2 protein chains.
Amino acid sequence: MKSHQEANSVHLRNDSDEPSSPGKDVLRVYGMKFCPFTHRLKLVLAAKGVDYEMVNINLKSKPKWYSSKNCDGKIPTLEVNGILITESDVTSEYVDAAYKGKTLTTTDPLKRAQEKMLLVQWGKSTSGYYKYAFGNDENDKIQGSMQIKEGFEKVEKYLKENGGPFICGSEPGLADYVLYPHLERIAAIIPIVISQFERLQEFYDKMQSDPAVQACRHSNELHRAFIHKASNGDVDACDVCVSD
Amino acid sequence: MKSHQEANSVHLRNDSDEPSSPGKDVLRVYGMKFCPFTHRLKLVLAAKGVDYEMVNINLKSKPKWYSSKNCDGKIPTLEVNGILITESDVTSEYVDAAYKGKTLTTTDPLKRAQEKMLLVQWGKSTSGYYKYAFGNDENDKIQGSMQIKEGFEKVEKYLKENGGPFICGSEPGLADYVLYPHLERIAAIIPIVISQFERLQEFYDKMQSDPAVQACRHSNELHRAFIHKASNGDVDACDVCVSD
């Protein structure tokens, strides 16, 4: 099994054998190299300094045994000592609460509530990313961009009001790591939308210097290569960096 | 403005004036008398012993000014000193964290993660309630019941594994108050589905003795009267107990 430092392993497919159980107290993440939800969990693990092993799953050709790890067949799933934790927000909050290191969750109840409300709005606008990246025509791209822009307006307003530069204030926190993955992908394919928002652009730029972001970063070229292959129906698009 | 002890006020309609702002430090809930999401927040407020005033909103004829309280026009919304908090889970967690009294949120990170995963599964099955209650024909009722049953199977398994009688263990906690409102409604219209599950039935029965549940309880007859009127397209169904 590869560690997360060697996470370029091929994604397991429909006919792949189930890997043997992780060793005692070894944390395992089932995910996909280009999945923004897996990316959230990886960022939190990196920011906390928690080591883990990565099992990549091909979502277009899922291994049959994966349904026993996640009843909905979704990623990411976290496994440790036979316990399985699913849902990207639940796994991220669990890692922050269960492992030592810097606390990423905002403790002030009102600020935490406001961050969560922002993330709900952000979650609505991120469907625009998929519409833009995987849509059928120019109309999908226009609609997708407009939907993303609505989310960006809310983030920009938030950053102006809290003073920024991060959602969580002067340092990146859980809300920043939850928000960032879709932003990295949008920056790779439609940077013009980000540059219209001063505070958001500053947030994006500053996140590039964060050690956790750097540890999990894919180049814009690699994101674009994945989207190109995936939108052409290539089942193995997630292995773009292995096969190329 | 009525306090929550006098919450039988008529629901404000499209042409209703905006009520004046709540007084300093007065907590106001915008909600709807039969809304299970508002019910979650009311249960948490009751369990914490937090006083509040209630503004009922007619969701079928929304006051225009309500969009300034909640950009999605949804309920519940919490207002205090000009600050607005939305989303039923965010408002509930906020109240638990911000106000004194018994802590309702489970502190053990793994247990909390498992409760949240259960609530995600529960959230998927509760759409079966709407299909049953407001569906068009017998097929909708059958499909709705089956969907609810899937959620019940997961809750039953959870209660068996954690020993119950509540989701949070020996005392009701946040997860219990989030789960309960749909259960009360299902018990009012299809009790046969609950009685198939021993632990779930025990949970439901024990919740009836909880002071917060008692403070917010509608009778089964009242739930049924609301559903009867609402499914017949009566815009004022939410005022069933005012007009009857």
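Rules used throughout
Residues numbered from 1 in each chain as written. Chains lettered and ligands numbered in written order. Predicted model: local features only at pLDDT ≥ 70, side-chain atom pairs only at ≥ 80, totals over all residues. Heavy atoms only, no water. UniProt positions renumbered as here; feature names shortened; annotations may be inferred. Helix = DSSP H or I, 4+ residues; strand = E, 2+ residues; numbered from the N terminus. Pairing = 2+ DSSP bridges. Axes fitted to C-alpha atoms, helices over the stretch in contact; angles between N-to-C directions. pLDDT = per-residue confidence, 0-100. Contact = heavy atoms within 4.5 Å. Salt bridge = Lys/Arg side-chain N within 4 Å of Asp/Glu carboxyl O. Buried < 20%, exposed > 50% of the residue type's maximum accessible area, 1.4 Å probe, protein only. Disulfide = S-S within 2.5 Å. Domains from an automatic or database assignment.

An unreviewed UniProt entry annotates chain A as Glutathione S-transferase omega originating from Ciona savignyi. Here is the UniProt Function (unreviewed entry) comment for chain A, exactly as written: "Exhibits glutathione-dependent thiol transferase activity. Has high dehydroascorbate reductase activity and may contribute to the recycling of ascorbic acid. Participates in the biotransformation of inorganic arsenic and reduces monomethylarsonic acid (MMA)." The annotation that UniProt attaches to chain A under Sequence similarities (unreviewed entry) is "Belongs to the GST superfamily. Omega family."

Asker: Now, about unusual backbone geometry: what can you tell me, with residues and values included?
Answerer: Note the cis peptide between A:Ile75 and A:Pro76, where omega equals 0 degrees. In the Ramachandran plot, A:Asn81 falls in the positive-phi region, its phi being about 50 degrees despite a non-glycine side chain. The topology assignment puts A:Asn81 in the loop between β3 (77–80) and β4 (83–86). We note that B:Glu87 has phi near 75 degrees; this positive angle belongs to a residue other than glycine. Topologically, B:Glu87 is positioned in the loop between β4 (83–86) and α2 (88–98).

Asker: Any chance you could break down the sheet that holds β4(A) for me, citing the residues and the numbers?
Answerer: Residues and elements named next belong to chain A. Within the open sheet, the four strands sit side by side as β2-β1-β3-β4. Their pairing is mixed. The strands lining the two open edges of the sheet, one partner per strand, are β2 (53–56) and β4. Pairwise comparison of adjacent strand axes, ignoring direction, gives a mean angle of 20 degrees for this sheet. In terms of strand pairing, β3 meets β4 through four bridges, oriented antiparallel. In the sheet register, Glu79 faces β4, and the bridge partner there is Leu84.

Asker: Explain the confidence of the model for chain A to me, and be specific about the residues and the numbers.
Answerer: Predicted coordinates in areas of low pLDDT are best not read in detail. The share of residues in chain A with pLDDT of 70 or more is 95%, and the mean pLDDT across the chain is 94. Across residues 1–6 of chain A, confidence stays below pLDDT 50; counting only partners more than four residues off in sequence or on other chains, it has 13 contacts.

Asker: Lay out the pattern of salt bridges in plain terms, naming residues and giving numbers.
Answerer: Residue and element names in this part refer to chain B. Considering all chains together, one arrives at 27 salt bridges over all chains under this definition. As a salt-bridge pair, Arg13 and Asp239 come within 2.9 Å of each other at their nearest N and O atoms. Here Arg13, found in the segment before β1 (28–31), pairs with Asp239, found in the loop between α10 (220–231) and α11 (240–243); they are 226 residues apart in sequence, far enough to count as distant. Residue Arg13 is classed as partly exposed on the basis of its relative accessible area, which comes to 24%. For Arg217, the salt bridge goes to Glu184, with nearest N and O atoms at 3.5 Å. Taken together, the positions of Arg217 in the loop between α9 (211–216) and α10 and Glu184 in helix α6 (residues 174–189) put the pair 33 residues apart, joining distant regions of the chain.

Asker: I'd love a proper account of the state of the cysteines, names of residues and values included.
Answerer: Residues and elements named next belong to chain A. A full pass over the atoms with the stated rule returns zero disulfides over all chains. Cysteine Cys35 is unpaired, with the sulfur of Cys238 as its nearest cysteine sulfur at 11 Å. Classification of Cys35 as buried rests on a relative accessible area of 6%.

Asker: Go over the domain arrangement of chain A, please, and point to the residues and values.
Answerer: All names here are of chain A. Looking at chain A, the domain boundaries give domain 1 (27–98) and domain 2 (109–215). Placing the centre of domain 1 and that of domain 2 at their C-alpha centroids yields a distance of 22 Å. Taken together, the contact between domain 1 and domain 2 spans twelve residues of the former and 13 residues of the latter. Our count for the domain 1 to domain 2 interface comes out at one salt bridge. In this structure, the salt-bridge partner of Glu93 is Lys116, at a minimum N-O distance of 3.2 Å.

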